[in-house]
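# Commentary on secondary and tertiary structure
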There are 4 protein chains.
Amino acid sequence: MTRRARVLRLPTAGPQDTVPLAQAIDRGEIDPATIVAIVGKTEGNGCVNDFTRGYATLALKLLLAERLKCPMAEVEGRVAIVMSGGTEGGLSPHLLVFCRETATAAATGSRLAIGVGLTRSFKPEEIGRAPQIAATAEAVDSAMKDAGIASAGDVHFVQIKCPLLTKERIEEAERRGAGVATDDTYHSMALSRGASALGVALALGEIKDAPQAAVCRDWSLYSRVASTSAGVELLRNEIVVLGNAPGWAGDLLIDHDVMTDAIDAEAARRVLARLGGETVAVLAKAEASPTGEIRGRRHTMLDDSDIHSTRHARALVGGVLAGVIGDTLLYVSGGAEHQGPPGGGPVAIIAKV
Amino acid sequence: MTRRARVLRLPTAGPQDTVPLAQAIDRGEIDPATIVAIVGKTEGNGCVNDFTRGYATLALKLLLAERLKCPMAEVEGRVAIVMSGGTEGGLSPHLLVFCRETATAAATGSRLAIGVGLTRSFKPEEIGRAPQIAATAEAVDSAMKDAGIASAGDVHFVQIKCPLLTKERIEEAERRGAGVATDDTYHSMALSRGASALGVALALGEIKDAPQAAVCRDWSLYSRVASTSAGVELLRNEIVVLGNAPGWAGDLLIDHDVMTDAIDAEAARRVLARLGGETVAVLAKAEASPTGEIRGRRHTMLDDSDIHSTRHARALVGGVLAGVIGDTLLYVSGGAEHQGPPGGGPVAIIAKV
Amino acid sequence: MTRRARVLRLPTAGPQDTVPLAQAIDRGEIDPATIVAIVGKTEGNGCVNDFTRGYATLALKLLLAERLKCPMAEVEGRVAIVMSGGTEGGLSPHLLVFCRETATAAATGSRLAIGVGLTRSFKPEEIGRAPQIAATAEAVDSAMKDAGIASAGDVHFVQIKCPLLTKERIEEAERRGAGVATDDTYHSMALSRGASALGVALALGEIKDAPQAAVCRDWSLYSRVASTSAGVELLRNEIVVLGNAPGWAGDLLIDHDVMTDAIDAEAARRVLARLGGETVAVLAKAEASPTGEIRGRRHTMLDDSDIHSTRHARALVGGVLAGVIGDTLLYVSGGAEHQGPPGGGPVAIIAKV
Amino acid sequence: MTRRARVLRLPTAGPQDTVPLAQAIDRGEIDPATIVAIVGKTEGNGCVNDFTRGYATLALKLLLAERLKCPMAEVEGRVAIVMSGGTEGGLSPHLLVFCRETATAAATGSRLAIGVGLTRSFKPEEIGRAPQIAATAEAVDSAMKDAGIASAGDVHFVQIKCPLLTKERIEEAERRGAGVATDDTYHSMALSRGASALGVALALGEIKDAPQAAVCRDWSLYSRVASTSAGVELLRNEIVVLGNAPGWAGDLLIDHDVMTDAIDAEAARRVLARLGGETVAVLAKAEASPTGEIRGRRHTMLDDSDIHSTRHARALVGGVLAGVIGDTLLYVSGGAEHQGPPGGGPVAIIAKV
């Protein structure tokens, strides 16, 4: 059976706005049963008290439950929903809806392929540590198989939603005498993102070894395609692998490159040049250079106690990419631990060719 | 007598950091008596309670008074100091020091020319209104003459520092029975910037008429080279005109273009292509598109009650320009009323050729 | 038939947290069919881009639809839900659930009475103007009758949720040739709150006349019991009147006083002293003194471009009241136009006696 | 020789405002040579990028150098200047100027006494560790002797300005092979404040032992009178001890109590009741309760990524104290490590009796 990947990019008027998706379903443009993942940007602060992510997720679950005529709880098992908060600078809130359809036409050559994978649920004491790295690597493998992608070189973006530690989870572990990786719940987000990214790098052979001690310490180890995001609402890792593979029909291709720093517009230009065609989606990671400098110039992102550095970084990378792409409908996500080199990050583009 | 413009671009470690300028003076690189203007970016919020501008100005006056062996009050009469707050995204704090030196070599062709002009002090009721427009236009004329620039087409950037209304100034006017343009001191900054920019447009023949009623209302009227900044510490307009003119020696040239929107990277690319050579300074204006959209995509800058829209806009334009220039040492200033089209703004580059 | 007012004060763990209410229903503590209003504090910024209000409202509608076995759309008609964003300083997120039950015991003396009223939907051009004032006054009358409160002196708090202008609403009016009160959507919130508060003052005889021109201009006109809050999700005014009336059983009483400025702790102490008993709910309004001073001392709330003045004001009044009450579970809401004197506001307390 | 303490409380119009102090000197109200300390609140964010502290300090040094006819560098040796950023909520920017004058009248009973002490300069690796604790304890002893205070029970407030780690200082230590207490410059502020506060507690016998391992870990150890503030501009601890002692004339007395949590208004009421008289100055410390709760109610200060918890805490404690004192001219400073119990802090009042 030939499959076909479909990607809808839907601008939203707010976190609660599911009208564009409802209309696409109601017009028969897409069958809600084919949706495997929704990745989106919402206009919160992208930090601890960003409730736009949960709000958007709840609104999407409500819509999908209604259209799929299933309980809301069942939606979670069918669709991976990853909301990334923060549309600083010119970034424009939107949803990327990924569908896997049955193709009527035969596949010719490689086309955009989507695979999904899940780890088991993690115990609090496993988050940010070796078990999370190992399980993520395994699940990336499964997701590649699910997508029919045989070679690591054909994987161009791996979006992961991973858990974090809460006060309750830490206390539960401590009652069992198990120590957690950090007492700081905010820092646990970084550790979980970092361990997940190292799991991707391991699965794809980008690094040979991903020791637990390297998590958020040894920045020389990183994946060139991982994009990880921590959320309170799950205990396992949910993985969406995007690549090109035979057996997929349609007219979509994906490619990526690595921004070596936040202003590396060339990386995006290279991807555009290789892909050609009409841009359908742009996905990138951003972070403030941990050295406090970009190409030898001081930046002030890390010293700003009014605006979190991740907010500055998204605004900056969003500006760099918008200058290249000519569009602000960009999925730029913050917190790039082990996702690209320090201060840089992956940028992937899906195009209609 | 042949003149030569000198521009130093000095990274700073904080608003109080005058060490790089002191070193340039002490090394004999520049004679402090030749400094006519200092334009800089400081790391405040660029809004009402941004005290980094005043702090940097005080520190610079202290240094210059010491090196010029004159009272601090005299420094104000000799050097126009314009600090612009806000280094959001990747923008890097720095000073641009403009010097007018006597050249030993003869001038060949046009080179960077610097002219300075002043208006009289304005009464509170004149700010943001016809008298400020008219007086600014006259002073731009004077500054052009001071620079030896004969044609408006050779003016590429006009930096203006203009006054604003305070509670005290409004009350003083009211005691005299004179009404002011606005009771809102924050809004008076926009009106003063807008009236000043219209004065530039009038002086340079960019518009034929600049009626008072157009200030911050008729956005179709604007200058392509004005950059205006309101400050509490003065009651007149201080004007620095940058252009190219014969009679100036040296190896510096300036050129400019207009960004039609915040992501118009092409504008900067065109300037770079025309100028060639090594970039010495970049000056640009930024603002959130008042329509709420950039190229048809919604932005969230105007609805964000946590981060002021001017901060978002600087981060965005800074990212767009850094992606083109490959450097974050950029003077990007917010509040672009009548400075370029709505949502866009001028971008000027000084290069060593 | 004797009625009885019930008030539950339920701490929440986040905007989405309906567990405490669900448990109260499931334990049989309250019958969901008796709920007439839910007033709550959520941890957003309380300004334009505060999505925690909508998120909490959606979560509550979901729960109530489930427990009432009715469509979500029907919940809106049955329960007035007013979420106020902003828990600055020590304020603690919580819900106040107001129920009207049938009492088994006879009423003795006056007890807490709850009345609900609605206006018709307003056209955009009516918002912030005379029609909104007049319709609100009528609806307050209705709500008093609904509560069985005969005398204005027995009304102690009037909570109103009112509409605001959006870009779309303004454009719709303009297409019909109708001008709106303001083009500034943020300012429309103030006008709508102000007109609604003047409607309350008119209904209760606190002022004799409420001319349209006074809205957000003549601060000498105000209600001592109004608390109004603007939201995007409605076009009419929803009114909850709280007072004491015969015909109501139970052990709850309400009383109020007016804080003449933000630090007027005495006002709360007077209410506590008159009521006695155990405090069940505290409701108050807060705003930054528009003169820029509190008892002759300068405050910086209105000049802070990093934190909105309403956020400062809630933190401050929350601190003042917490110092008196000894609890941070306080409903302190910002934006007090014509709700108490300038810089001050009403404070109401419900106690079990 | 009899001494007399003089305390001026001067409202300021901004960080740069030295006019009130200049006028007090020029009117002959105080002799600038008698000023030993200036403690003030400025309207920055009180966090890393708060430049209002440095700005105010520079402006004060300029004034004092002029009036004392000495170089600016000498002012530092003569006057301890401690600026605390953050006037959230209703707090009003002001300076407290402490003078030690020669009294003409004889001293009768105990009166306000001011002592000053200094430690040696610390090496980077000593900051936040045992050497800083020990040296601070010694310097508090000296300052008590300087003030003529014999008993620890007569000490009511110890204000300390202490150093922090910068990137440069950490690197300098590392070049010598010396490890520092933390690589995180922001955290170094907490460690330095904490170690300094433990030094006070040790000197005053509030604790018997202050092991290095307790710094910012064992919150059961704390001083009831310490108020410490970290700044980048010094390498030693500067200590101002305030207490009551014989040998001092005048009409000022100081007393203090401990707020057990942020809303403990009773503590301030007790001090007021004991002192009587007219309040001349109020000094207090504030912090967000590290448990996330105040008297069992959840607060959101620690989860707010838009506003730093120290800003919330100052607004809250400022509100609580303003409700008691009836004035917003309060020195409320954030960051209360080992200064009062967790979530609480000392409050001291100076009154004219």
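Model, not experiment: these values are computed from the prediction. (Residues numbered from 1 in each chain as written. Chains lettered and ligands numbered in written order. Predicted model: local features only at pLDDT ≥ 70, side-chain atom pairs only at ≥ 80, totals over all residues. Heavy atoms only, no water.)

## Topic: the overall build of chain A
Assigned secondary structure in chain A consists of eight helices and 15 strands. The globule rule puts the C-alpha radius of gyration for 353 residues at 20 Å, and the 19 Å found for chain A is close to it. Counting only C-alpha atoms and orienting by the principal axes, one finds that chain A spans roughly 55 × 50 × 40 Å. A buried classification covers 66% of the 353 residues belonging to chain A. Long-range pairs, those at least 24 residues apart, make up 80% of the contacts in chain A between residues at least 6 apart in sequence. For chain A, the exposed area adds up to about 11800 Å²; of that, 50% sits on carbon and sulfur atoms. In chain A, 37 positive and 42 negative side-chain charges are present, and the distance between their average locations comes to 3 Å. (Helix = DSSP H or I, 4+ residues; strand = E, 2+ residues; numbered from the N terminus. Rg over C-alpha atoms; globule rule 2.2 N^0.38 Å. Buried < 20%, exposed > 50% of the residue type's maximum accessible area, 1.4 Å probe, protein only. Contact = heavy atoms within 4.5 Å. Areas by Shrake-Rupley, 256 points an atom, 1.4 Å probe, with all protein chains shown as cover. Lys, Arg positive; Asp, Glu negative; His and termini not counted. Charge placed at Lys NZ, Arg CZ, Asp CG, Glu CD.)

## A look at the environment of His312(B)
Within the secondary structure layout, His312(B) lies in helix H8 (residues 309-325). His312(B) gets classed as buried once you look at its relative accessible area, which sits at 3%. Sequence separation between His312(B) and Glu266(B) is 46 residues, and the spatial gap between their C-alpha atoms is 20 Å. Contacts of His312(B), omitting those with residues within four sequence positions, involve Glu88(A), Gly89(A), Met301(B), Asp304(B) and Ile307(B).

## Some words on the packing of aromatic side chains
Considering all chains together, one arrives at two aromatic pairs over all chains under this definition. For the pair Tyr55(A) and Tyr55(C), a centre-to-centre distance of 5.2 Å together with 20° between the ring planes defines the contact as stacked. Residue Tyr55(A) is found in helix H2 (residues 52-68), and its partner Tyr55(C) is found in helix H2 (residues 52-68); the two belong to separate chains. Of the two residues, Tyr55(A) and Tyr55(C), neither departs from the other in class, the shared state being buried. When the ring centre of Tyr331(D) is taken as origin, the NZ or CZ atom of Lys41(D), which lies over that ring, is 5.9 Å away. (Phe/Tyr/Trp six-rings, centres within 6.5 Å; stacked < 30°, edge-to-face > 60°. Lys NZ or Arg CZ within 6 Å of the ring centre and 35° of its normal.)

## As for the sheet that holds strand E6 (residues 155-162) of chain A
Residue and element names in this part refer to chain A. In space, the four strands of this open sheet follow the order E5-E8-E6-E7, with mixed pairing throughout. The open sheet has two edge strands, strand E5 (111-118) and strand E7 (226-230), and neither has a second partner. This sheet shows a mean twist of 15° between the axes of neighbouring strands, independent of strand direction. Pairing between E6 and strand E8 (residues 238-245): six bridges, direction antiparallel. (Pairing = 2+ DSSP bridges. Axes fitted to C-alpha atoms, helices over the stretch in contact; angles between N-to-C directions.)

## Some words on a negative patch on the surface
A contiguous patch of negative charge on the surface is contributed by Glu168(A), Glu171(A), Glu174(A), Asp183(A) and Asp184(A). With respect to the helices and strands, the residue Glu168(A) is situated in helix H5 (residues 167-175). (Patch = residues over 30% accessible without salt bridge, like charges linked within 9 Å, V, L, I, M, F, W, Y side chains within 5 Å. Salt bridge = Lys/Arg side-chain N within 4 Å of Asp/Glu carboxyl O.)

## Observations regarding the interface of chain A and chain B
The partner chain B presents 39 residues to the 39 residues of chain A that form the contact. Buried area between chain A and chain B, summed over both chains or domains, comes out near 2800 Å², and the portion from carbon and sulfur atoms is 50%. Of all residues in chain A, Gly89(A), Arg297(A) and Arg298(A) give up the largest surface area on contact with chain B, accounting jointly for 22% of the area buried on that side. Run the count over chain A and chain B and you get six salt bridges. As a salt-bridge pair, Glu43(A) and Arg298(B) come within 2.7 Å of each other at their nearest N and O atoms. (Buried area = accessible area lost by both parts, 1.4 Å probe.)

## A word on the domain arrangement of chain A
Residues and elements named next belong to chain A. We note that the domain assignment places domain 1 (1-105) and domain 2 (251-352) within chain A. Across the boundary between the two partners, domain 1 contributes 25 residues, which contact 20 residues of domain 2. Between domain 1 and domain 2, the buried area comes to about 1700 Å², and carbon and sulfur atoms account for 63% of it. Of all residues in domain 1, Arg9, Glu88 and Leu91 give up the largest surface area on contact with domain 2, accounting jointly for 35% of the area buried on that side. Taken together, the connections running from domain 1 to domain 2 amount to three salt bridges. Ionic pairing is found between Arg314 and Glu88, a salt bridge with its closest N-O pair at 2.8 Å. Between domain 1 and domain 2 we count seven residue pairs in polar contact (both at pLDDT 80 or more) in total. Every element with two or more residues in the side of domain 1 that touches domain 2 is listed here: strand E1 (3-11), strand E2 (35-42), strand E3 (80-85) and strand E4 (94-102). Considering each element in turn, the side of domain 1 that touches domain 2 owes the most residues, five residues, to E1. Each residue belonging to the side of domain 1 that touches domain 2 can be placed in one class, and the counts come to ten nonpolar, eleven polar and four charged. (Domains from an automatic or database assignment. Polar contact = N/O pair within 3.5 Å; in protein donor to acceptor, adjacent residues only side chain to side chain. Nonpolar A, V, L, I, M, F, W, Y, C, P; charged D, E, K, R; others polar.)

## Digging into the packing of helix H1 (residues 19-26) of chain D against helix H2 (residues 52-68) of chain D
Any two packed helices are characterised by the angle at which their axes cross and by the distance between the axes. Residue and element names in this part refer to chain D. One can describe the packing of H1 onto H2 by two numbers: an axis separation of 10 Å at closest approach and a directional angle of 15°. If you check the angle between H1 and H2, you find them roughly parallel. Relative to H2, the crossing made by H1 is right-handed. The residues of H2 that touch H1, namely those facing Leu21, Ala22, Ile25 and Asp26, are Leu60, Leu63, Leu64 and Arg67. (Parallel < 35°, antiparallel > 145°, perpendicular 65-115°, else oblique. Left-handed = near helix turned anticlockwise from the far one by under 90°.)

## A closer look at the pairing of strand E14 (residues 331-334) of chain D
A regular strand places its side chains on the two faces of the sheet in alternate fashion. All names here are of chain D. Going residue by residue along E14, you find Tyr331 and Ser333 tucked away on one face and Val332 and Gly334 tucked away on the opposite face as well. Where strand E11 (residues 278-286) and E14 come together, four bridges link them in parallel fashion. Of the residues in E14, the one forming a bridge with Ala284 is Val332.

## Overview of the relation of the copies chain A and chain B
Look at the two chain copies: a rotation about an axis and a shift along it is all it takes to match them. Least-squares fitting of chain A to chain B yields an RMSD of 0.0 Å, with the superposition described by an axial translation of 0.0 Å and a rotation of 180°. On the angle and the small slide along the axis, the relation comes out as a two-fold axis. (Least-squares fit on C-alpha atoms with pLDDT ≥ 70 in both.)

## Some words on the pattern of salt bridges
Residues and elements named next belong to chain D. Counted according to the given criterion, the structure contains 104 salt bridges over all chains. When the shortest N-O distance is used, the salt bridge between Asp327 and Arg9 registers 3.6 Å. Here Asp327, found in the loop between helix H8 (309-325) and E14, pairs with Arg9, found in strand E1 (residues 3-11); they are 318 residues apart in sequence, far enough to count as distant. No difference in accessibility class separates Asp327 from Arg9, as the two residues are buried. We note a salt bridge from Glu233 to Lys161, for which the minimum N-O separation is 2.6 Å. Here the residue Glu233 occupies a position in the loop between strand E7 (226-230) and strand E8 (238-245), and Lys161 occupies one in strand E6 (residues 155-162), the gap between them amounting to 72 residues.

## Looking at helix H7 (residues 265-275) of chain A
By the burial criterion, the buried members of H7(A) are Ala265(A), Ala267(A), Ala268(A), Val271(A) and Leu275(A). Seen along its axis, H7(A) keeps its buried residues to an arc of 160°; they face one direction. Where H7(A) is buried, its residues meet strand E10 (252-259), helix H8 (309-325) and strand E15 (345-352) of chain A together with H8 of chain B. Following H7(A) by one or two positions, Gly276(A) has its phi on the positive side, about 65°. (Arc of directions from axis to C-beta.)

## Digging into the interface of chain D and chain A
Contacts between the two partners involve eleven residues from chain D and, on the opposite side, eleven residues from chain A. Buried area between chain D and chain A, summed over both chains or domains, comes out near 920 Å², and the portion from carbon and sulfur atoms is 31%. Summed over the three residues of chain D that lose the most area to chain A, namely Asn49(D), Ser305(D) and Asp306(D), the buried surface amounts to 48% of that side. Counting every contact that joins chain D to chain A gives two salt bridges. The shortest N-O distance in the salt bridge between Asp306(A) and Arg311(D) comes to 3.6 Å. At the boundary of chain D with chain A, the tally comes to ten residue pairs in polar contact (both at pLDDT 80 or more). Residues belonging to the side of chain D that touches chain A are distributed by class as follows: two nonpolar, four polar and five charged.

## Quick notes on unusual backbone geometry
Residue and element names in this part refer to chain C. With phi around 55°, Cys216 is a residue other than glycine that occupies positive phi space. Relative to the helices and strands, Cys216 is located in the loop between helix H6 (185-203) and strand E7 (226-230). Positive phi outside glycine occurs at Arg295, with the angle close to 50°. With respect to the helices and strands, Arg295 occurs in the loop between strand E12 (293-294) and strand E13 (297-298). Judged by relative accessible area, Arg295 falls into the partly exposed class, the value being 44%.

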